[in-house]
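# Structure at a glance
Residue strings, one per chain:
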Amino acid sequence: MNKLVDPDSTMQGSSPQRQNTPSMRSWLATLDSNNQLRQIDTLVDWNEEIGAIARINIAQQGPGLYFSNIRDYQDTISTKFVTCGISNKAQIRLMLDLDDGVTDKMIVRHLKETYCNPIRPVTVDYGPVKENILTGEVIDLNQFPAPRWHACDGGKFIDTFCGVITHDPKTDRPNVGLYRGQVLSANKIGKLLIPTQGWGAHFLNYRDSKGRMPVAIAYGWHDVMPFCAGSPFPKHVCEWDMMGAILGKPVELIDCETIPLQVPATAEIAVEGWIDPDPATWEMEGPFADYPGYLGGKPSRKPVVDVSCITHRHDPIMRGALEGARPGFPSEDSLLCAYSWSAIAWNLLEAAGVSGITDVWMPPVVTGTNIVVQVRKQYRGHAQQIGMALWGTNVGQWFFKNVMVVEEDIDIRNPEALEWAYGFRVNAGRGDVWLVGPTFGSVLDPSTLREDRDAQTHGTGKWTRTLIDATRSWEHQPNPDWDGNRWPAVNTIDPDLEHKIAARWSAYGIGVPYLDDGQREQLTLEETRKILNDL
């Protein structure tokens, strides 16, 4: 697949993006050299077929997909479309430059630490994204592949895995978000814009000053861009800084042509435009089968990006992603949620002064709605502090609807362990289950009444939140039946006996582990337990 490689990139080693200016093409070279990319030359339909292929591919933890023969896009400016570039663990590992065998917990901790070491972007004078500049009547969004992802979608959605860039004139801080956008015409993109989102606050500032808001949308840069754009960083954190932290080098930005914003200099495509806050200029957008995994509702009037310029590389590659996870069928941002959002939540808790956090996990399929926090319990009310700290952040607008807190002996990525903790450490009548609300919440959550999800009326949705304290309660008094402890000891096998059994396993004739007797004698207790679990 040499056609995917930048002229200045190299295929040496497992991480060519580390040795060159990051771009979509350098990232594709990385995927390709690690058997994580497939080119599909068979004719495919932009109308549902690409979405269905991606759905099944992600469910099978398949590779990135590079479509080069798309109906109605054989003779357009862009004829190529990429999806599924960070949809499995191997791809995430490559992006983070981590070794094989890293655990989910190690990935979360790596990101937690990485996000504490930002690298600011730099401005450059020229980049490939300026190879072609389109203004005026030649602007045509229909020249760039945009799938209709789901049967219920109201049209082609071009903004699904990009970077939507705005700037807050009050704080002088840019925001790079991931907000859906539908092609309405050759020069208009309908946008879902909620005031509590990162760019929503910018929008309110422009609305109050009676001005239009400049917006840039970058498509097809290194996949670290949608990874960070789709991550709920606190409002004082710049996403460009976080991308630089992951890549280990500054993001190179270049000035736009018609608006006072910047985009990655090596992006494939950049759209520039303006959003008018006057509702009279808004147009019908939607429906779209968004992240909860349900079919979309009815279209409604929403803000519109009025495109003033499009710049692009020669032979540009469009990037997009499937939304809407359900059991057995994750979306491309499912792992983004599990890894990046967990790391951000961990940092949020520590920044709020909550101590004793030992692990955090946001299960992929529920896309940020549920979160499990593991803690070294230090005081009564520890779990309640965690819930309140998470709900009080700007991130809590969309996430952390249900919070579960467990102790260190519970594996938070093991559903059986969580069920056990829920079954034998939770007593609702004792105050271990809290209902808090109504509070603000996601406007896309179908469990909320329709009238409570009207963002134009209320600015947000409405949630009643749940906290499940599945730690061992300190309300219990010391019990003589439990050797004077508040709780009985967990029934386990003696470690020496467990080790002995593992070493003699083949002699029992029950089943033979994948290591021979000599190797088993050298095992640590942790390795022994892994063998028994695998059996």
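Note on numbering: residues in each chain are counted from 1, in written sequence order. Local features in this predicted model are restricted to residues whose pLDDT is 70 or higher, and side-chain atom pairs enter the listing and the counts only when it is 80 or higher, whereas totals over whole chains, interfaces and linings include all residues. Here the side-chain values reflect all heavy atoms present in the structure, with hydrogen atoms and water set aside.

Overall, mixed pairing links the five strands, which are arranged 19-20-21-23-22 in an open sheet. Looking at strand neighbours, the two that pair on one side only are strand 19 (357–361) and strand 22 (433–441), the edges of this open sheet. On average, each strand axis in the sheet is tilted by 20 degrees relative to the strand beside it, whichever way the strands run. Between any two strands, pairing holds if DSSP finds at least two bridges. A run of H or I in DSSP counts as a helix once it spans at least four residues, and a run of E counts as a strand once it spans at least two, with each numbered from the N terminus. Pairing between strand 20 (residues 370–375) and strand 21 (residues 402–407): six bridges, direction parallel. Note that in strand 21 the partner of Gln374 across the bridge is Val406. Note on contacts: a residue pair qualifies if any of its non-hydrogen atoms lie within 4.5 Å across the two residues. Orientation is described by axes fitted as lines to C-alpha atoms, over the contacting stretch for helices, and by angles from 0 to 180 degrees between their N-to-C directions. Packed on one face of the sheet, helix 8 (residues 334–351) meets strand 19 and strand 20 and runs near 145 degrees to strand 19.

Further remarks concern the environment of Gly328. Within the secondary structure layout, Gly328 lies in the loop between strand 18 (317–319) and helix 8. Type-normalised accessible area, obtained with a 1.4 Å probe on protein chains alone, sets the label of each residue: buried when under 20%, exposed when over 50%, and partly exposed for intermediate values. Overall, the relative accessible area of 58% leaves Gly328 in the exposed class. Through-space distance from the C-alpha of Gly328 to that of Val365 is 8.3 Å; in sequence the pair is 37 residues apart.

What follows is about the sheet that holds strand 13 (residues 262–264). One key point about sheets: their strands pair by backbone hydrogen bonds, in either a parallel or an antiparallel sense. Spatially, three strands are ordered 4-12-13 in an open sheet, and the strand pairing comes out mixed. The outermost strands of the open sheet, each flanked by one partner alone, are strand 4 (122–123) and strand 13. Pairing geometry for strand 12 (residues 252–255) and strand 13, over three bridges, is antiparallel. For Asp255, the partnering residue across the bridge sits in strand 13 and is Gln262.

The term nonpolar core refers to a set of buried residues drawn from Ala, Val, Leu, Ile, Met, Phe, Trp, Tyr and Cys, joined through side-chain atoms within 4.5 Å. Phe227, Ile386 and Phe400 are the most contacted members of the largest nonpolar core, which totals 101 residues. Per-element accounting of this core gives the leading share, twelve residues, to helix 8. Formed by 43 residues, the second largest nonpolar core is a distinct cluster that contains Val44, Cys162, Leu193 and Trp199.

The next thing to look at is helix 4 (residues 104–114). Every buried residue of helix 4 is listed here: Ile107, Val108, Leu111, Lys112 and Thr114. Angular distribution of buried residues about the axis of helix 4 spans 170 degrees; they occupy a single face of the element. On its buried face, helix 4 sits against helix 3 (89–96), helix 6 (224–229), helix 7 (239–247), helix 8 and strand 19. What the arc describes is the spread of directions from the helix axis to the C-beta atoms.

In this analysis, rings of Phe, Tyr and Trp, with Trp reduced to its six-membered ring, are considered paired at centre separations within 6.5 Å, and the interplanar angle assigns stacked below 30 degrees, edge-to-face beyond 60, and tilted for intermediate values. Scanning the model with the defined rule gives nine aromatic pairs in all. Measuring from ring centre to ring centre gives 5.9 Å for Phe81 and Trp149, while their planes differ by 55 degrees; the resulting arrangement is tilted. Highlighted residues: Phe81 in strand 3 (residues 80–83) and Trp149 in the loop between strand 5 (132–135) and strand 6 (157–159), separated in sequence by 68 residues. Residue Phe81 shares its accessibility class with Trp149, and that shared class is buried. Taken together, the ring pairs in this structure connect Trp341, Phe399 and Phe400 into an aromatic cluster. The side chain of Lys112 reaches across the aromatic face of Trp346, ending 5.4 Å from its centre. Two conditions define a charge sitting above a ring: the NZ of Lys or the CZ of Arg must be within 6 Å of the ring centre, and it must be within 35 degrees of the ring normal. In this structure, Arg326 is placed above the aromatic ring of Phe329, and the distance from its NZ or CZ to the ring centre is 4.4 Å.

Bringing the environment of Ile139 into the picture now. Here Ile139 is to be found in the loop between strand 5 and strand 6. Put simply, Ile139 and Pro495 are 356 residues apart on the chain and 69 Å apart in space, counted from C-alpha to C-alpha. With sequence-adjacent residues up to four places away left out, Ile139 is seen in contact with Leu134, Ala186, Asn187, Val307, Ser308, Cys309 and Ile310.

Turning to the pattern of salt bridges, a few remarks are in order. Salt bridges, as used here, are contacts in which a Lys or Arg side-chain nitrogen is within 4 Å of a carboxyl oxygen on Asp or Glu. As enumerated under the stated definition, the model contains 26 salt bridges in all. Taking the shortest distance from any N to any O, the salt bridge between Arg148 and Glu48 comes out at 3.2 Å. Taken together, the residues span a long stretch of sequence, with Arg148 in the loop between strand 5 and strand 6 and Glu48 in the loop between strand 1 (37–40) and helix 2 (49–59) at a distance of 100 residues. Judged by relative accessible area, which is 18%, Arg148 ranks as buried. Between Glu332 and Arg319 there is a salt bridge, and its shortest N-O distance comes to 2.6 Å. Remark: Arg319 occurs in strand 18 and Glu332 occurs in the loop between strand 18 and helix 8; sequence separation between them is 13 residues.

Let's shift gears to helix 2. Each α-helix turn comprises 3.6 residues. Residues three or four places apart therefore point the same way. Three or more residues of helix 2 are buried, namely Ile50, Gly51, Ala54, Arg55, Asn57 and Ile58. Where helix 2 is buried, its residues meet strand 2 (64–67) and strand 3. Following helix 2 by one or two positions, Gln61 has its phi on the positive side, about 55 degrees.

Moving on to the pairing of strand 8 (residues 173–177). A large share of strand 8 lies buried, amounting to four of its five residues. As judged from the five bridges shared by strand 7 (residues 163–168) and strand 8, these two strands associate in the antiparallel manner. Each residue of the ladder has a partner; that of His167, found in strand 8, is Pro174.

It is worth spelling out the packing of helix 1 (residues 24–33) against helix 3 at this point. Where helix 1 meets helix 3, the axes come as close as 11 Å, and the angle between the chain directions of the two elements is 125 degrees. The angle between the axes of helix 1 and helix 3 places the two elements in the oblique class. Between helix 1 and helix 3 lies a crossing of right-handed hand. Residues Trp27, Thr30 and Leu31 of helix 1 touch helix 3, and the partners they reach there are Gln91, Leu94 and Met95. Classification used: nonpolar for Ala, Val, Leu, Ile, Met, Phe, Trp, Tyr, Cys and Pro, charged for Asp, Glu, Lys and Arg, polar for all others including Gly. A breakdown of the residues in the contact of helix 1 with helix 3 according to their chemical character gives four nonpolar, two polar and no charged. Roughly parallel refers to an angle under 35 degrees, roughly antiparallel to one over 145, roughly perpendicular to one between 65 and 115, and oblique to any angle outside these ranges. We call a crossing left-handed when the near helix sits turned anticlockwise from the far one by less than a right angle, and right-handed when that turn is clockwise.

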